[in-house]
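Given next are the chains, with one letter for each unit.
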Amino acid sequence: MNHKALLLAAILGSGLFVLTGQQPTPSGVFTSAQAEAGRAAYERTCGKCHTPTLLGRKGDAGELPPIGSLSASYQKFIGPRGFVAPLAGKVFIDRWGGKTAGELIARFQETVDDPYFQFEDMNDETTVNITAYVLQVNGAKAGTQPLTRTTAAIVRSLTSDPQR
């Protein structure tokens, strides 16, 4: 009888060890309202350079919106190569996946605060909302917890394919 109890205890103990070793997927760190507000703000601002698909620009002919349709300051920023980094996909996750959502917000804020762009209707909340939208496009799921500048969740852990 002692052998059976010992075996049962060993099996249960090993199961607990396996369960505690797994990393839980963080629940949603932004709300759907934040992501929707971020989508609208992105389309009005960031999407002009990073494109509506968030895949950036490679300088290829036919990329939309056409660079020639943008303001002179945007054209100058994009430059003759026509390259703008993607905000979605493997390249984005490779670059930002190991950082926190708060660090991503801080980086976006640097661009928003750049007087070169002079974005209209941009404030701290708008930058947070755009970040929520970018996370959503990369596969993160909305929840009940609002995204904040101090959100410590790692970007890769939030996306649909954390192995990217």
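Conventions used here
Residues numbered from 1 in each chain as written. Predicted model: local features only at pLDDT ≥ 70, side-chain atom pairs only at ≥ 80, totals over all residues. Heavy atoms only, no water. Phe/Tyr/Trp six-rings, centres within 6.5 Å; stacked < 30°, edge-to-face > 60°. Helix = DSSP H or I, 4+ residues; strand = E, 2+ residues; numbered from the N terminus. Buried < 20%, exposed > 50% of the residue type's maximum accessible area, 1.4 Å probe, protein only. Salt bridge = Lys/Arg side-chain N within 4 Å of Asp/Glu carboxyl O. Polar contact = N/O pair within 3.5 Å; in protein donor to acceptor, adjacent residues only side chain to side chain. Axes fitted to C-alpha atoms, helices over the stretch in contact; angles between N-to-C directions. Parallel < 35°, antiparallel > 145°, perpendicular 65-115°, else oblique. Contact = heavy atoms within 4.5 Å. Nonpolar A, V, L, I, M, F, W, Y, C, P; charged D, E, K, R; others polar. Expected span 1.5 Å × (residues − 1). Arc of directions from axis to C-beta. Core = buried A, V, L, I, M, F, W, Y, C linked by side-chain atoms within 4.5 Å.

Chemist: Quick question: what am I supposed to make of the packing of aromatic side chains here?
Modeler: Two measures describe an aromatic ring pair: the distance that separates the ring centres and the angle between the ring planes. Counting across every chain of the model gives two aromatic pairs. Geometrically, the ring pair formed by tyrosine 42 and tyrosine 133 is tilted, given 5.6 Å between the ring centres and 50 degrees between the ring planes. In this pair, tyrosine 42 is assigned in helix α2 (residues 32-44) and tyrosine 133 in helix α7 (residues 124-137), connecting sequence segments 91 residues apart. A relative accessible area of 11% means that tyrosine 133 is categorised as buried.

Chemist: Which parts of the structure should I look at to understand the pattern of salt bridges?
Modeler: Where charged atoms from two side chains of opposite charge approach closely, those side chains can pair. A full pass over the atoms with the stated rule returns five salt bridges. Glutamate 43 is paired through a salt bridge with arginine 39; the nearest N and O atoms lie 2.9 Å apart. Linking glutamate 43 with arginine 39, this pair stays in helix α2, spanning four residues, or about one helical turn. Residue classification places arginine 39 among the partly exposed residues on the basis of a relative accessible area of 27%. The salt bridge partner of arginine 107 is glutamate 110, with a shortest N-O separation of 3.6 Å.

Chemist: How should the side chain of threonine 159 be read in this particular structure?
Modeler: Along the polypeptide, threonine 159 turns up in the segment after α8 (155-158). The buried category is assigned to threonine 159, whose relative accessible area is 5%. A polar contact of 3.0 Å, which involves the side chain of threonine 159, links it to the backbone oxygen of arginine 156.

Chemist: Mind showing me how you'd approach the packing of α2 against α7 here?
Modeler: Following both chains from N to C, one finds α2 and α7 inclined at 100 degrees, their axes separated by 7 Å at the closest point. Classed by the angle they form, the pair α2 and α7 counts as roughly perpendicular. When α2 is examined against α7, the residues Gln34, Ala35, Ala37, Gly38, Arg39, Ala41, Tyr42 and Arg44 are found in contact with a partner set consisting of Thr126, Val128, Asn129, Ile130, Ala132, Tyr133 and Gln136. Here the residues of the contact of α2 with α7 are counted per class, giving eight nonpolar, five polar and two charged.

Chemist: Would you mind showing me how to read α2 here?
Modeler: Each α-helix winds once per 3.6 residues, and so residues spaced three or four apart point in a common direction. Over its 13 residues, α2 runs 19 Å from end to end, which matches the ideal 18 Å to within 8%, given 1.5 Å per residue. Buried residues of α2: Gln34, Ala35, Gly38, Ala41 and Tyr42, and no others. For α2, the buried positions fall inside an angular range of 125 degrees around the axis, keeping them on one side. Among the structural elements, α3 (47-50) and α7 are those in contact with the buried residues of α2.

Chemist: What am I meant to see in the side chain of glutamine 109 here?
Modeler: Within the secondary structure, glutamine 109 sits in helix α6 (residues 101-113). The contacts of glutamine 109, once residues within four sequence positions are left out, are Asp124, Thr127 and Arg149.

Chemist: Just to check I follow, could you spell out the nonpolar core for this structure?
Modeler: One recurring pattern in soluble globular proteins is that nonpolar side chains are buried together. Phe30, Leu135 and Leu147 are the most contacted members of the largest nonpolar core, which has 36 residues in total. At the level of secondary structure, the elements contributing two or more residues to this core comprise α2, α4 (72-78), α5 (90-96), α6, α7 and α8. In contact with phenylalanine 30, not counting residues within four places along its chain, are Ala35, Ala132, Leu135, Gln136, Ala140, Lys141, Ala142, Gly143, Gln145, Pro146 and Leu147.

Chemist: In this structure, what is going on with unusual backbone geometry? I would like to understand it.
Modeler: With the exception of glycine, the majority of residues adopt a negative phi angle, and the majority of peptide bonds are in the trans configuration. In this structure, the amide linkage connecting leucine 64 to the following residue, proline 65, adopts the cis form with an omega of -10 degrees. Even without being glycine, threonine 51 reaches a positive phi, approximately 75 degrees. Looking at where threonine 51 falls in the secondary structure, it is placed in the loop between α3 and β1 (57-58). Its identity as a non-glycine residue notwithstanding, aspartate 121 has a phi of 55 degrees, on the positive side. Relative to the elements of secondary structure, aspartate 121 occurs in the loop between α6 and α7.

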